[in-house]
Amino acid sequence: MPSSTSTRSVLVRLFVCAIISLTPYPVIAAEDPVVTKKIEGDFHDVANSVRMAIIGKGINIAHELPASEMLNRTGPAYGYTTNTYNRARTFEFCSAEISHKLARQHPDNIVLCPFTISVYTLTTDPEFVRISYRKPSGRPGSEAIVEEVIELISSIIDDASW
C-alpha cells in the first residue's frame, strides 16, 4: 500500500503540471513577410513608375516576368476556370553594392539577390494596383544589411507610387 507521503508527492506534481498547462503564454504572431501597397491608378503607369524608380536608383533590371500571362495561360491545364490577375509583372533587380555586403557578411546570402517587386491588378478588384515585395531574411549577423535591402525596396515603391 502506497504511503500517504508518496501519494501526496504525486498529487502535488500533478497539480503543478496542471497549473503550468493552464498558464496562458503570450502568442507572438510572426511578422508578415509580404508587404503590399494598394493604390489607385493604371497598371501600365504604375508598372512603368516602378521600372523608372529602379533605374533612377542606378540599378539595372535583370528581368521582367509577365506573371499574369503565364498564370492565365496555364490555369486551364490545372482546372482553373477564372484568373486571379488581370495584369501582373514582377521586376527582378539587384544592387551590386548591397549584394557585395550581403555576400561578405555570409556567402549563403547569395540567395537574397535578385530582389523582386511585383505590380498587379486583381480580377476581383481591378480599380486598384498593388505593389508587393517579400521581406528578405538573411543569415545571422546580416540583419543590418537586410534592413538596407528593405529600405531600398521601400524607397523604390515610395518613388513609384507618388
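As a reminder, the structure under discussion sits directly above these lines.
Residues numbered from 1 in each chain as written. Predicted model: local features only at pLDDT ≥ 70, side-chain atom pairs only at ≥ 80, totals over all residues. Heavy atoms only, no water.

**Student:** What exactly am I supposed to notice about the overall build of the chain here?
**Tutor:** A tally of regular secondary structure across the chain gives five helices and five strands. Counting helices and strands in the order they occur from the N terminus, the chain gives α-β-α-β-α-β-α-β-β-α. Expressed as a percentage of the 162 residues in the chain, the buried residues total 29%. Considering only intrachain contacts with a sequence separation of at least 6, the fraction spanning at least 24 residues in the chain is 72%. Approximately 10800 Å² of the chain is accessible, and the part contributed by carbon and sulfur atoms is 58%. (Helix = DSSP H or I, 4+ residues; strand = E, 2+ residues; numbered from the N terminus. Buried < 20%, exposed > 50% of the residue type's maximum accessible area, 1.4 Å probe, protein only. Contact = heavy atoms within 4.5 Å. Areas by Shrake-Rupley, 256 points an atom, 1.4 Å probe, with all protein chains shown as cover.)

**Student:** Help me understand the side chain of Ser-161 in this model?
**Tutor:** You can see Ser-161 is positioned in the segment after helix 5 (143–160). Judged by relative accessible area, Ser-161 falls into the buried class, the value being 8%. A polar atom in the side chain of Ser-161 sits 2.7 Å from the backbone oxygen of Ile-157. The contacts of Ser-161, once residues within four sequence positions are left out, are Lys-37, Ile-39 and Ile-131. (Polar contact = N/O pair within 3.5 Å; in protein donor to acceptor, adjacent residues only side chain to side chain.)

**Student:** What am I meant to see in helix 5 here?
**Tutor:** At 3.6 residues per turn, the α-helix brings residues three or four places apart onto the same side. The first and last C-alpha atoms of helix 5 sit 26 Å apart over 18 residues, in line with the 26 Å expected at 1.5 Å per residue. Taken as a whole, helix 5 has its buried residues at Ile-145, Val-146, Val-149, Ile-150, Leu-152, Ile-153, Ile-156, Ile-157 and Ala-160. Projected onto a plane normal to the axis of helix 5, the buried residues spread over an arc of 155 degrees and lie on a single side. Seen from the buried face of helix 5, the exposed residues on the opposite side, beyond 90 degrees, are Glu-143 and Ala-144. At its buried positions, helix 5 is contacted by strand 1 (34–40), helix 2 (43–56), strand 3 (85–93), helix 4 (96–105), strand 4 (115–122) and strand 5 (125–134). Positioned one or two residues after helix 5, Trp-162 has a phi angle of 50 degrees, which is positive. (Expected span 1.5 Å × (residues − 1). Arc of directions from axis to C-beta.)

**Student:** Is there a simple way to think about the state of the cysteines in this case?
**Tutor:** Working definition of a disulfide: a covalent bond connecting the sulfur atoms of two cysteines. Summed over all chains, the structure comprises one disulfide. Note that Cys-94 is cross-linked by a disulfide to Cys-113, the S-S spacing being 1.2 Å. Of this pair, Cys-94 sits in the loop between strand 3 and helix 4 while Cys-113 sits in the loop between helix 4 and strand 4; the two residues are 19 residues apart in sequence, bridging distant segments of the chain. Judged by its relative accessible area of 27%, Cys-113 falls in the partly exposed class. (Disulfide = S-S within 2.5 Å.)

**Student:** Can you help me understand the environment of Lys-57 in this one?
**Tutor:** Of note, Lys-57 is situated in the loop between helix 2 and strand 2 (61–65). Separated by 98 residues in sequence, Lys-57 and Ser-155 have C-alpha atoms that sit 9.4 Å apart.

**Student:** Can you help me understand the side chain of Arg-130 in this one?
**Tutor:** Structurally, the position occupied by Arg-130 is in strand 5. Look at Arg-130 and you get buried, because its relative accessible area is 12%. At a separation of 2.9 Å, a polar atom in the side chain of Arg-130 contacts the side chain of Asp-125. In contact with Arg-130, not counting residues within four places along its chain, are Thr-36, Lys-37, Lys-38, Ser-118, Val-119, Tyr-120, Leu-122 and Asp-125.

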